[in-house]
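In case you want the letters, here they are:
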Number of protein chains: 2
Amino acid sequence: MVDTDLLYTQDYRVRAYEIDAQQRMTVPALSRLMQEAALQNVIQIGMSYWDLEPHHISWVLTRQQIEVKRLPDLNEPIRIHTYPAGFLRAFALRDFWVETQEGEPIAQSASTWLLMDTRTRRMANPPDFVLAFNERMPPREQCLPRISGQLEKLKATDYQEDYTVHWHDLDFNQHLNNTLYIQWMLDPVPAAVLAERQLAFLDIEYRAEGQLADALQSEVQEIEPGAYCHRIFRPADGKVLANAYTRWQY
Amino acid sequence: MVDTDLLYTQDYRVRAYEIDAQQRMTVPALSRLMQEAALQNVIQIGMSYWDLEPHHISWVLTRQQIEVKRLPDLNEPIRIHTYPAGFLRAFALRDFWVETQEGEPIAQSASTWLLMDTRTRRMANPPDFVLAFNERMPPREQCLPRISGQLEKLKATDYQEDYTVHWHDLDFNQHLNNTLYIQWMLDPVPAAVLAERQLAFLDIEYRAEGQLADALQSEVQEIEPGAYCHRIFRPADGKVLANAYTRWQY
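Residues numbered from 1 in each chain as written. Chains lettered and ligands numbered in written order. Predicted model: local features only at pLDDT ≥ 70, side-chain atom pairs only at ≥ 80, totals over all residues. Heavy atoms only, no water.

S.K.: Give a description of the interface of chain A and chain B that names residues and reports values.
M.R.: On the side of chain B, 38 residues touch chain A, which itself brings 38 residues to the contact. Here chain A packs against chain B, burying approximately 3400 Å² in sum over the two surfaces, 60% of which is carbon and sulfur. On the chain A side of the interface with chain B, the three residues burying the most area are Arg-15, Trp-167 and His-168 of chain A, jointly 22% of the side's total. Counting across the chain A and chain B interface gives 2 salt bridges. Residues Arg-15 of chain B and Glu-18 of chain A are paired through a salt bridge, measuring 3.8 Å at the closest nitrogen-oxygen approach. Across the chain A-chain B interface, the total number found is 13 residue pairs in polar contact (both at pLDDT 80 or more). (Contact = heavy atoms within 4.5 Å. Buried area = accessible area lost by both parts, 1.4 Å probe. Salt bridge = Lys/Arg side-chain N within 4 Å of Asp/Glu carboxyl O. Polar contact = N/O pair within 3.5 Å; in protein donor to acceptor, adjacent residues only side chain to side chain.)

This is the structure we're talking about:
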């Protein structure tokens, strides 16, 4: 594992509400567990939502790439490692490694976050007590590689599902839970693909927060066999809340 | 605890995706963990969905009463006990006790299940190998009390939310996940009630299964201050999928 005292490691078992009809963990369920590990990590090191609240700043997830090697089965024990992986200009990086207890890789994820000023709703520069963590982070070459550059945008809608943001879709911060973006983006993919293929790669770019009672559209375009563009769109103000790209195993 | 070798006990910690803005576990999240414990219990004793599949029978939840004393906080360790609590004619009973690790009661739940013949979709009489478990179940007087009788029906709609059943709303058996019935029934309750009061009692009656692409309405009527009738309705065939009653602490 990486060389940092900021590493957080936790064991989980795949629960019944996390699996599909093939008894494999779903990708939204896997992303929820990664978020859970990240939250425990920031609580542990004193950089959580609640630690930052008095400073009027908050972490916002802006991009996440998830590479899936194999989806684990019901009751399978899995282990998640996560750590802050350095700063890139105003952005903070975080990595996730998901593996079996024997060390077989299951999934990896590189994520990018920014600090938002909760009064102005604008990007905030990381204050000194946040930047000070940089010294304790692992060397760059031990961290996961990242894909930069723009995501391809959806140009036509092959499949669509509609959503309203309900009370239980909100996170503790009263915004649409960011793991539901992933779930809602995958839902419109044809059921035969969801049931029979496995998602191999997901790249998601978060652009705006969803609020209670928002009416949203989740749109999907098949750009080549086994590869899709996705977006979550809010017709009321024409905003794109998130874009994504997925690639599926044949 | 009750006197039976069929008892299953498991410890959990409240996760970030299980809490609301008050940092308290939501009732849908609590009901999901109870279902999880029930599934592990039937796997352990050899009566799970997968054990019954070759016999063309399956468990169907028909009613559940949940009494909530206190909702636990983020990261709070909780313990769930569950066991089969006897037969009542063709119905099988199951109890849940949720408590802190020091034994402080958090919630209790009495549930009722029936066996369905998966070929005819009708109620099946429990076969001998299922009835044989009766000898190992706890004495009736150790089990939770149950409320029988009809649930009051919703007569007018004060609040409504609409849903479509999407892929990730299905359980491993390809039906609308029964814990989502509870979530969807609570969503239309005014946000001020959801945010500031605590659900004290829920009584839900399951009547029909939800399928992929179903359009459903979740309707709520306030029958007296702090008490509501709920139903999930499918306009396409006029079916009520579930009725419920909730009472909230002032």
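After that view, the rundown keeps rolling.
S.K.: Go over the pairing of strand β5 (residues 105–117) of chain A with me, naming the residues and quoting the values.
M.R.: One face of the sheet, then the other: side chains in a regular strand alternate in exactly this way. All names here are of chain A. The element β5 is extensively covered by neighbouring structure, given that 12 of its 13 residues are classed as buried. Pairing geometry for strand β2 (residues 57–68) and β5, over 11 bridges, is antiparallel. Opposite Trp-59, over in β5, you have Leu-115 as the bridge partner. The pairing of strand β4 (residues 91–100) with β5 spans 9 bridges and is antiparallel. If you follow Phe-91 over to β5, its bridge partner there is Leu-114. What sits between β4 and β5 in their antiparallel hairpin is a turn of 4 residues, with Gly-103 showing a positive phi close to 95°. When β5 meets strand β6 (residues 123–124), the two strands line up antiparallel, connected through 2 bridges. When the bridges of β6 are listed, Met-116 appears paired with Met-123. Where β5 folds back on β6, the antiparallel hairpin that results is connected by 5 residues, among which Arg-121 adopts a positive phi of roughly 60°. (Buried < 20%, exposed > 50% of the residue type's maximum accessible area, 1.4 Å probe, protein only. Helix = DSSP H or I, 4+ residues; strand = E, 2+ residues; numbered from the N terminus. Pairing = 2+ DSSP bridges.)

S.K.: Please set out the packing of helix α1 (residues 27–45) of chain B against helix α4 (residues 178–186) of chain B residue by residue, giving values where relevant.
M.R.: Relative orientation and spacing of two packed helices are given, respectively, by the angle between their axes and the distance between those axes. Residue and element names in this part refer to chain B. Following both chains from N to C, one finds α1 and α4 inclined at 170°, their axes separated by 9 Å at the closest point. The orientation of α1 with respect to α4, classified from their angle, is roughly antiparallel. Judged by the sense of rotation from one axis to the other, the crossing of α1 with α4 is right-handed. The residues of α4 that touch α1, namely those facing Val-27, Pro-28, Ser-31, Arg-32 and Gln-35, are Asn-178, Thr-179, Ile-182, Gln-183 and Leu-186. (Axes fitted to C-alpha atoms, helices over the stretch in contact; angles between N-to-C directions. Parallel < 35°, antiparallel > 145°, perpendicular 65-115°, else oblique. Left-handed = near helix turned anticlockwise from the far one by under 90°.)

S.K.: Describe in detail the sheet that holds strand β5 (residues 105–117) of chain B, supporting the description with residues and values.
M.R.: All names here are of chain B. Read across the open sheet, the 10 strands follow the order β1-β3-β4-β5-β2-β7-β10-β9-β8-β6; overall the sheet is antiparallel. Either end of the sheet is taken by a strand with one partner, and the two such strands are β1 (8–13) and β6 (159–164). Across the sheet, the mean angle separating the axes of adjacent strands is 20° when strand polarity is ignored. Bridge count between strand β8 (residues 215–224) and strand β9 (residues 227–234): 7 bridges; the pairing is antiparallel. Following the sheet pairing, Glu-219 is matched in β9 by Arg-231. Most of the contacts of α1 go to strand β3 (residues 77–88), to which it runs at about 60°, and overall it touches β1, β2 (57–68), β3, β4 (91–100), β5 and β7 (199–206).

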